[in-house]
Amino acid sequence: MQFHHHGYVSSDPRVEPAAGVGVNRPDELPDEIDVLIVGTGPAGIVTAAQLSQFPNVTTRIVERRPGRLAIGQADGIQARSVETFQAFGFAERIIAEAYRITEMAFWKPDPNDSSKIVRAARTADDPTGISEFPHLIVNQARVLDYFAEFMANSPTRMRPDYGYVFRGLEIGDGEYPVTVTLEHTAGPNEGATRTVRAKYVVGADGAHSRVRDSIGCTPYGDKANHAWGVMDVLANTDFPDIRTKCAIQSGSGGSILLIPREGGYLFRMYVDLGVVPENDNGSIRKTSIDDIIKQANEILHPYTLDVKNVAWHSVYEVGHRVTDRFDDVPTDEIGSRTPRVFITGDACHTHSAKAGQGMNVSMQDGFNIGWKLGHVLEGRAPESLLATYSAERQVIAQNLIDFDREWSTMMAKRPEEFDSPSELEDFYVKTAEFPAGFMTQYQPSMIIGAANHQNLATGFPVGKRFKSAPAVRVCDANPVQLGHHHRADGRWRVYVFAPDANAAVNNAAIDASTLDDFASWLTTSPESPVVRHTPEGADVDSIIDVKVIYQHDHTRVDLGTVPAIFLPKVGPFALTDHEKVYATDPEVDIFAERGIDRRGAVVVVRPDQYVADVLPLSATAELSAFFAQNLLPQNASARV
Ligand code: FAD
C-alpha cells in the first residue's frame, strides 16, 4: 500500500483524502446526478465502488431497502472475484473470515443398497492452479459491506442512499437527459415521490428489474423456472462431509448441494425442488422450512440432520434468461447514439444457483461499466466507449447461461441416466476454469487489440484477465505478485517486460538501447499515449501506469540507470515512486511462467484487469494508435 506522498498520514491509510464531489458531499440526493445507480446488490455496489474513485463524477446509488442487506442470497465467491477484491483492497480481510473450498465430494446411491448414499469421489477444487486466489464462501451481505466501506473511504466519500424505490424513467435531451422517478420507502417522506435528472442510469435492480422494463429490454430463455429450497442452518449431523462442499444424489432422485459456510458451524443446503410447473401459481414458493428439512433428511439417508437453528431460508426460483441487449440502444441503432441507461447483474441474466455464479458475474458487469462511465464523464474517453459494455457483457452472459444449463441439467440427472459413473465429477474438473471466472475473453474492439503479437507473451492471452505471477520489487527486494499492484483506480496499465541484451535474435544480440529508446519515446514523444492523454498538471501515471520488469535478479538492476518513466515523480511534493520497477523472482521466472519472449514485450492492461494487447517494444505506432481510439487527447506536454 502506498501513502504519505500527499503528506504524513497518521490514521487508517485506507481512508483517502476527500476530493472533488467528496468535499462537502450533500446527504440529500441532489436533483442532478452524473450517474444514478439503482440497487445496492453486487452489480450496483461494484459500479458505485469503481466510480467512487472518480472525484469529479457525482454518483449516487439508491436502494429500496431502508438499510444494508443483513442475511441471505448468494454466497459463492469465485477466485476471479477474490482477485477483484484484491483490486479494491479487501481480499486479505475477506479471505480471513470466509470458508475456503479446497475439495468437492460427490455422494451417490450405494450400488448395493440404493436407499443409502455413499461417497463416490472427491476432486480438488482447483486442480490446475488457475489462480493464486482461493475459492471462497461468504455471505453476500459481507461482500456488500466491504465495497460500501471502500466507497466511504474513497475521495468521493460515497454512501448508499437507502429508502428509495425506482418507479420509472424517461430519456429526453440536454445535459441530464434521463429523468428518474423515485419514491421514498422509509422515513418521514414515505410514499412521496421525487424526480432526479441523470446523465446516465445503471439498473442493478435484480431479476425483477424495473429499469430493464423501462428501456424495453426483454429477458429471453427458459419459460420454466427451477426451484430450490435454500436454508442456512446450524445443525448436528453424522454426515461426515458436512464441512466439505458436496453434490449429493440419492436413490430416489432427490439431490442436495451442500455448501459449508464461514465461521465453522453454519452450512447451506440447496434442496432441489425441481422444475416449477407452468400452472404452479406460486405454490412451490410456499414450501415450508419443515418440508425442506424433511426432504434433506430423506436424501441424506442413512445419515440424519438435526437442525437447531435456521438462520435464513428461502425458495429460490429462477430460470435461465438473458436479455438481448444490456443498454437502451436498440440493436438497429447501435453506433448511432450513446447509451444512457445500462442494466447489470440479475437484471439482464439469471441462471441457477448451482454453479455459484450469480453474485460473481454481476460484480464483473459492475467492474466493466464502472470505469467506462468514469472515463467518459471525466473527459478521458469518447462516449463511444460506453457501447462496449453491452457488446462485451452480453456475450459473457450468454456463455454463462449455456454453461449453467449444462451443469444444472447434469446435476439434476438420476444416477442411471449418466453415461459413465464419473461423468458429473469429470465435468466439474474439466470445466473448472469457467466457474472460477477465468474463461471470459473479450473480442477485438476499441479496447481490445488485434493480438497480432500474442506470441511475445503467450501467458497473457489478449482479451483475458491479466494472470498475476511472482516478481521481486527492486527497491526493497520484496517478493510480490505483480498483478496485485493493479488497484481498482480506473487507470490503464502498461507492463514493459525488458529485453535481455544477451538474448540472441536471428543470431544478432539485442540492442541494449531498446528499453531506453522505448522509455524515452514514452516520456517525450508527442505520439506517446502518456504524453498525449495525461492532463496538464496531473501526475504522469494518473491515466496510464507504466511498470518495468527486468529479466535478471534484482541485485543486477541499478536503479540509477532505470529510465525516469519507471521512477516517476508524483504528488504535491513530486516524490519518486519506487514501486514500478521489478525483477525476476529467482524461484519463479515470470518470463518463463508467462511465456514472455526474451526480446521483451509490452503488455497493455485495462482498468478492469483484462489484457488489451501485447506488442513488441518497437511497435510504438501501434501502441499510440491503440490508445488514440479509447482515450481523448489532453493539453499535454512531456512531464517526467
Ligand atoms: P441483487 O443482489 O438482487 O440486487 C438488487 C438490488 O436492487 C437489491 O438490493 C434490491 O433491493 C434492489 N432493488 C430492486 N428493485 C429496486 C427498485 N425498484 N428500486 C430500488 N432498489 C431496488 N444466488 C445464489 O447464487 N445462491 C442463492 O441461494 C441465491 N439466493 C437468492 C435469494 C434471493 C431471495 C434473491 C433475491 C437472490 C438470490 N440469489 C442467489 C441470486 C444472487 O443473489 C444474485 O445473482 C446476485 O445478488 C445478483 O446481483 P444483482 O446486484 O444483480 O442483484
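That block above? That's the structure.
Residues numbered from 1 in each chain as written. Predicted model: local features only at pLDDT ≥ 70, side-chain atom pairs only at ≥ 80, totals over all residues. Heavy atoms only, no water.

(A) Representation of the overall build of the chain within the structure. The helix and strand inventory of the chain stands at 13 helices and 31 strands. The C-alpha radius of gyration computed for the chain amounts to 26 Å, which stays within 12% of the reference 26 Å derived for 640 residues, consistent with globular compactness. Each principal axis of the C-alpha atoms in the chain carries an extent, and together these give about 75 × 60 × 55 Å. Within the span of the chain, comprising 640 residues, buried residues form 56% of the whole. Carbon together with sulfur atoms contributes 49% to the accessible area of the chain, which is approximately 25,400 Å² in total. Taken together, the 60 basic and 84 acidic charged side chains of the chain have centroids lying 2 Å from each other. (Helix = DSSP H or I, 4+ residues; strand = E, 2+ residues; numbered from the N terminus. Rg over C-alpha atoms; globule rule 2.2 N^0.38 Å. Buried < 20%, exposed > 50% of the residue type's maximum accessible area, 1.4 Å probe, protein only. Areas by Shrake-Rupley, 256 points an atom, 1.4 Å probe, with all protein chains shown as cover. Lys, Arg positive; Asp, Glu negative; His and termini not counted. Charge placed at Lys NZ, Arg CZ, Asp CG, Glu CD.)

(B) Structural detail: the packing of aromatic side chains. Following the criterion strictly, the structure yields 24 aromatic pairs and no others. Aromatic pair W107 and F239: ring centres 4.6 Å apart, planes at 55°, arrangement tilted. You can see W107 sitting in strand 5 (residues 103–110) and its partner F239 sitting in the loop between strand 13 (226–237) and strand 14 (245–249), a full 132 residues away along the chain. An identical accessibility class is assigned to W107 and F239; each is buried. In this structure an aromatic cluster arises from ring pairing among F85, F88, F90, Y146, F147, F150 and F367. (Phe/Tyr/Trp six-rings, centres within 6.5 Å; stacked < 30°, edge-to-face > 60°.)

(C) Structural context of empty space enclosed by the protein. Taken as a whole and assessed by the stated rule, the structure comprises two cavities of 30 Å³ or more. Within this model, the largest cavity holds a volume of roughly 70 Å³. The wall of the largest cavity is formed by E83, E132, F466, S468, G483, H484, H486 and Q609. In this model, the second largest cavity occupies a volume close to 30 Å³. In terms of lining, the second largest cavity is formed by V530, V540, D541, I544, V546, I565 and P568. (1 Å grid on protein atoms, 1.4 Å probe; cavity = no way out; pocket = protein on both sides within 12 Å on 5 of 7 lines; lining within 4 Å. Points joined across faces, edges and corners; volume = space filled by probe spheres on them.)

(D) Quick peek at helix 13 (residues 620–630). Along helix 13, the residues that are buried comprise L623, S624, F626, F627 and N630. Mapping the buried residues of helix 13 onto a view down its axis gives an arc of 160°, with all of them on the same face. Of the surrounding elements, those touching the buried residues of helix 13 are strand 23 (492–497), helix 10 (514–524), helix 11 (529–533), strand 26 (544–549), strand 30 (601–605) and strand 31 (611–615). (Arc of directions from axis to C-beta. Contact = heavy atoms within 4.5 Å.)

(E) View of the side chain of D597. By the element assignment, D597 lies in the loop between helix 12 (590–593) and strand 30. A polar atom in the side chain of D597 sits 2.7 Å from the side chain of R599. Excluding its chain neighbours within four sequence positions, the residues that come into contact with D597 are L456, Q551 and F591. (Polar contact = N/O pair within 3.5 Å; in protein donor to acceptor, adjacent residues only side chain to side chain.)

(F) The sheet that holds strand 20 (residues 349–350), seen in detail. Strand order in the open sheet formed by three strands is 12-18-20, and the pairing between neighbours is antiparallel. Either end of the sheet is taken by a strand with one partner, and the two such strands are strand 12 (219–221) and strand 20. Pairing between strand 12 and strand 18 (residues 321–323): three bridges, direction antiparallel. Among the inter-strand pairings, Y220 is bridged to a residue of strand 18, identified as V322. (Pairing = 2+ DSSP bridges.)

(G) Region of the structure containing the site of the ligand. Contacts to the ligand come from 29 residues, most closely from E63, Q140, F166, Y270 and D346. At 3.0 Å from an oxygen atom of the ligand is found a side-chain nitrogen or oxygen belonging to R65. Here a nitrogen atom of the ligand sits 3.3 Å away from a polar atom, N or O, in the side chain of Y316. Across the complex, the protein chains shield 88% of the 960 Å² of accessible surface that the ligand would expose by itself. Those elements giving two or more residues to the shell around the ligand turn out to be helix 1 (42–51), strand 9 (164–171), strand 16 (267–275), strand 17 (305–318) and helix 7 (358–377). Of the residues that constitute the shell around the ligand, the class distribution is 14 nonpolar, nine polar and six charged. (Near = heavy atom within 4 Å. Nonpolar A, V, L, I, M, F, W, Y, C, P; charged D, E, K, R; others polar.)

(H) Spotlight on the pairing of strand 5. Most of strand 5 sits inside the fold, with seven of its eight residues counted as buried. Examined bridge by bridge, strand 5 and strand 6 (residues 113–124) share eight bridges and lie antiparallel to one another. Pairing of W107 across the sheet is with R119, part of strand 6. Between strand 5 and strand 6, which follow one another and run antiparallel, lie two residues. In this structure, strand 5 lies alongside strand 14, joined through four bridges in parallel fashion. Note on strand 14: the bridge partner recorded for W107 is I248.

(I) Spatial organisation of the pairing of strand 23. Among the six residues that make up strand 23, six are buried, leaving the element largely enclosed by the rest of the structure. Side-chain alternation along strand 23 places W492, V494 and V496 on one buried face and R493, Y495 and F497 on a second face that is also buried. Direction of pairing for strand 23 relative to strand 26: parallel, over a ladder of six bridges. The residue bridging R493 from the neighbouring strand is D545, located in strand 26. One ladder, built from five bridges, connects strand 23 with strand 30; its direction is antiparallel. The residue bridging F497 from the neighbouring strand is A601, located in strand 30.

(J) Molecular detail of the nonpolar core. Judged by nonpolar contacts, the single largest core of 113 residues is most densely connected at F147, V201, W492 and F566. Not counting residues up to four positions away in its chain, the partners in contact with V201 are L36, V38, L169, V178, V180, V211, R340, V341 and F342. (Core = buried A, V, L, I, M, F, W, Y, C linked by side-chain atoms within 4.5 Å.)

(K) Summary view of the packing of helix 1 against helix 7. At their nearest, the axes of helix 1 and helix 7 sit 7 Å apart, and the two run at 30° to each other. Looking at the two axes, helix 1 sits roughly parallel to helix 7. Crossing of helix 1 against helix 7: the hand is right-handed. Within the contact between the two elements, helix 1 uses P42, A43, V46, T47, Q50 and L51 and helix 7 uses M359, S362, M363, G366, F367, I369, G370, W371, L373 and G374. Considering only residue class, the contact of helix 1 with helix 7 consists of ten nonpolar, six polar and no charged. (Axes fitted to C-alpha atoms, helices over the stretch in contact; angles between N-to-C directions. Parallel < 35°, antiparallel > 145°, perpendicular 65-115°, else oblique. Left-handed = near helix turned anticlockwise from the far one by under 90°.)

(L) Quick peek at the pattern of salt bridges. In total, this model carries 49 salt bridges according to the counting rule given. Here R167 ties to E183 by a salt bridge, and the two come within 2.8 Å at their closest N and O atoms. A residue pair is termed long-range when its members are at least 10 positions apart, and R167 in strand 9 and E183 in strand 10 (residues 178–184) qualify at 16 residues. Residue classification places R167 among the partly exposed positions, given a relative accessible area of 35%. Take E183: its relative accessible area is 19%, and that puts it in the buried class. (Salt bridge = Lys/Arg side-chain N within 4 Å of Asp/Glu carboxyl O.)

Purely geometric numbers; function is a separate question.
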